Amino acid sequence: MLKRVLSCIGLAALLAISICSQVWAAPSVVDVSTLQCEVTDNAPRCDDKIQFDMGYEQELREGRCRYRSLEGLPVGDRWFDRCVDGFIGAYAQVCLVGQMGRLGCGAINHSGEIVIPLVYDHIEITPHSAIVAVNYNGKWGFFNLDEDRLLLAPQFSRITSFSEGLAYVETESEDITEPGWIINEQGLRVASVPRKIQVAGRFSDGLAPARSDTLWGYINNKGEWAISPQFYYAGEFSSGYATVLAIDKPQQWAIIDVSGAGALFFEGDQHRVGEVVGAAVAVTFDCESEPAVATSVRCKRMCLELNNPEPKAACTKVIETR
């Protein structure tokens, strides 16, 4: 790994923006071509934000499914037509075919009790939030698990999941002056967001990634730009860090902190940097096209700890397909 302190001029060249007015810590530069690791098939991943409860698994029988503990104990006595992924925290999404052959989805808890009625087309359970996004006939709403009630009926065309007590919602409208809204856990509007700003991620560390035209930045809980649009991609913050694509061609990835200052920059061909999870980030590199399948590539993936950007996990071979 190559480390060096960059001057303000060097950072501006790398990010292709003017940053000399900002206060920067001494950032590091990682040349991915110098990263070395032993390739293993069971190396841990650090790019999965959704953490499933590994104490449960799916059981299949005659085309139906249910969950059971690793000790073999069933979660309730009911079978379902679809079990989606696994338990996220205390809840899992399940679906049943009902009247007129329609598949209705909801959620169960660890006792197998239905806690969200199986009437929705899709739901999105997120960790550390009792408010679940529910979709019906292409519209989104929210169900409050703590209060066992529908918080907001499906009515929104675009939403983000609740995080830090906030979510973004937007109704379908031809009126370009009609704003989107940041709402709280009571379903109340707390701030408006101009329609020209596309909020594209959850709030974390007080900021949410958003896009204006082709450039990305971050808004705060007042719907104002906290980090102005200047990136070609911006990921959600985690533990005070976020991944951004600072330059599009050739791609230059970077890790920034909540002030917008760069902390870690990546150089080298054929690499991609995932979103920050905890205080770690996945770097995919050394990709080679598969001659037999033109749409597939074989790469190495390494997990880097941002507080000490030395390789902390082995590389792993992965296949990424179209």
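Residues numbered from 1 in each chain as written. Predicted model: local features only at pLDDT ≥ 70, side-chain atom pairs only at ≥ 80, totals over all residues. Heavy atoms only, no water.

How do you make sense of the pairing of strand 23 (residues 252-257) when you look at a structure like this?
Along any regular strand the residues' side chains alternate between the sheet's two faces. Here strand 23 lies mainly inside the structure; five of its six residues are buried. Joining the antiparallel neighbours strand 22 (residues 241-247) and strand 23 is a turn of four residues. Adjacent in sequence and paired antiparallel, strand 23 and strand 24 (residues 262-267) are bridged by four residues, among which G260 carries a positive phi angle near 95°. (Buried < 20%, exposed > 50% of the residue type's maximum accessible area, 1.4 Å probe, protein only. Helix = DSSP H or I, 4+ residues; strand = E, 2+ residues; numbered from the N terminus. Pairing = 2+ DSSP bridges.)

Explanation requested: the layout of surface pockets in the structure shown.
Any empty space left between atoms is shown by rolling a water-sized probe over those atoms. The space that makes up the largest pocket amounts to roughly 470 Å³. For the lining of the largest pocket, the per-class residue count stands at eight nonpolar, nine polar and six charged. (1 Å grid on protein atoms, 1.4 Å probe; cavity = no way out; pocket = protein on both sides within 12 Å on 5 of 7 lines; lining within 4 Å. Points joined across faces, edges and corners; volume = space filled by probe spheres on them. Nonpolar A, V, L, I, M, F, W, Y, C, P; charged D, E, K, R; others polar.)

Sorry if this is basic, but what is going on with the confidence of the model for the chain here?
For any part of a model where pLDDT is low, the fine detail of the predicted coordinates should not be relied upon. Overall, the prediction assigns the chain a mean pLDDT of 84, with 83% of residues at 70 or greater. Low pLDDT, under 50, characterises residues 1-25; the stretch is placed with 50 contacts to residues that sit more than four places away or in other chains. (pLDDT = per-residue confidence, 0-100. Contact = heavy atoms within 4.5 Å.)

Just checking my understanding: could you explain the side chain of N109 for this structure?
Note on placement: N109 falls in the loop between strand 7 (103-108) and strand 8 (114-120). Within the local environment of N109, its side chain forms a polar contact with the backbone nitrogen of S111, the two atoms lying 2.9 Å apart. Polar side-chain contacts of N109 include one of 2.8 Å to the side chain of E113. N109 has contacts with V75, F87, A90, Y91 and V115, leaving out every residue within four places of it along the chain. (Polar contact = N/O pair within 3.5 Å; in protein donor to acceptor, adjacent residues only side chain to side chain.)

What am I meant to see in the pattern of salt bridges here?
Pairing between side chains of opposite charge can happen when the charged atoms of each approach one another. If you walk through the whole model with that rule in mind, you get ten salt bridges. A salt bridge links R64 to D81; the shortest N-O distance between them is 3.3 Å. Of this pair, R64 sits in strand 4 (residues 64-69) while D81 sits in the loop between strand 4 and strand 5 (82-88), placing them 17 residues apart in sequence. For E172, the salt bridge identified is with K139, shortest N-O distance 3.2 Å. (Salt bridge = Lys/Arg side-chain N within 4 Å of Asp/Glu carboxyl O.)

Is there a simple way to explain the packing of aromatic side chains in this structure?
Aromatic ring pairs are reported here in terms of the distance separating the ring centres and the angle at which the planes meet. By the definition in use, this model includes six aromatic pairs. Taking 4.8 Å as the distance between ring centres and 55° as the angle between the ring planes, the aromatic pair formed by Y218 and F237 counts as tilted. Residue Y218 is found in strand 19 (residues 215-219), and its partner F237 is found in the loop between strand 21 (233-234) and strand 22; the two are separated by 19 residues along the sequence. The exposure class of Y218 is buried, given its relative accessible area of 0%. Look at Y233 and W253: their rings are 6.3 Å apart centre to centre, the planes differ by 65°, and that puts the pair in the edge-to-face class. Taken together, the residues Y233 in strand 21 and W253 in strand 23 connect sequence positions 20 residues apart. When its relative accessible area of 2% is taken as the criterion, W253 is described as buried. (Phe/Tyr/Trp six-rings, centres within 6.5 Å; stacked < 30°, edge-to-face > 60°.)

Would you take a moment to explain the state of the cysteines for this structure?
Under the defined criterion, the tally for this structure stands at two disulfides. The side chain of C95 participates in a disulfide bridge whose partner is C105; the two sulfur atoms lie 2.0 Å from each other. In this structure the cystine formed by C95 and C105 twists about its S-S bond by roughly 100°; its chirality is therefore right-handed. Here C95 is found in strand 6 (residues 91-97), whereas its partner C105 is found in strand 7, with ten residues between them in sequence. (Disulfide = S-S within 2.5 Å.)

Help me understand unusual backbone geometry in this model?
Backbone geometry follows two general trends: most residues other than glycine have a negative phi, and most peptide bonds adopt the trans configuration. With an omega dihedral of -10°, the bond running from K249 to P250 counts as a cis peptide bond. Secondary-structure assignment places P250 in the loop between strand 22 and strand 23. Phi angles above zero are rare outside glycine, and D85 is one such case at about 60°. When its relative accessible area of 56% is taken as the criterion, D85 is described as exposed. Backbone geometry at S239 places phi at a positive 55°, although glycine is not the residue there. Locating S239 in the fold gives a position in the loop between strand 21 and strand 22.

I tried to follow the environment of A200 on my own but got confused; where do I start?
In this structure, A200 sits in the loop between strand 17 (197-199) and strand 18 (208-212). A200 gets classed as partly exposed once you look at its relative accessible area, which sits at 39%. Here the alpha-carbon distance between A200 and W216, two residues 16 residues apart in the chain, equals 9.4 Å. Excluding residues within four positions of it along the chain, A200 makes contact with R158, P209, A210 and W216.

What's the story with the nonpolar core in this structure? I'm lost.
Nonpolar side chains in soluble globular proteins tend to be buried together. Judged by nonpolar contacts, the single largest core of 18 residues is most densely connected at I255, F266, F285 and L306. Contributing elements (two or more residues each) for this core: strand 22, strand 23, strand 24, strand 26 (280-289) and strand 27 (297-305). Counting residues per element, this core draws most heavily on strand 26, which supplies three residues. Not counting residues up to four positions away in its chain, the partners in contact with I255 are Y241, A242, T243, A261, G262, A263, L264, F266, V273, V276, V281 and L306. (Core = buried A, V, L, I, M, F, W, Y, C linked by side-chain atoms within 4.5 Å.)

How do you make sense of the pairing of strand 22 when you look at a structure like this?
With seven of seven residues buried, strand 22 is to be regarded as a mostly interior element. Pairing geometry for strand 21 and strand 22, over two bridges, is antiparallel. Note that in strand 22 the partner of Y233 across the bridge is L245. As judged from the six bridges shared by strand 22 and strand 23, these two strands associate in the antiparallel manner. Along strand 23, the bridge assignment pairs I247 with Q252.

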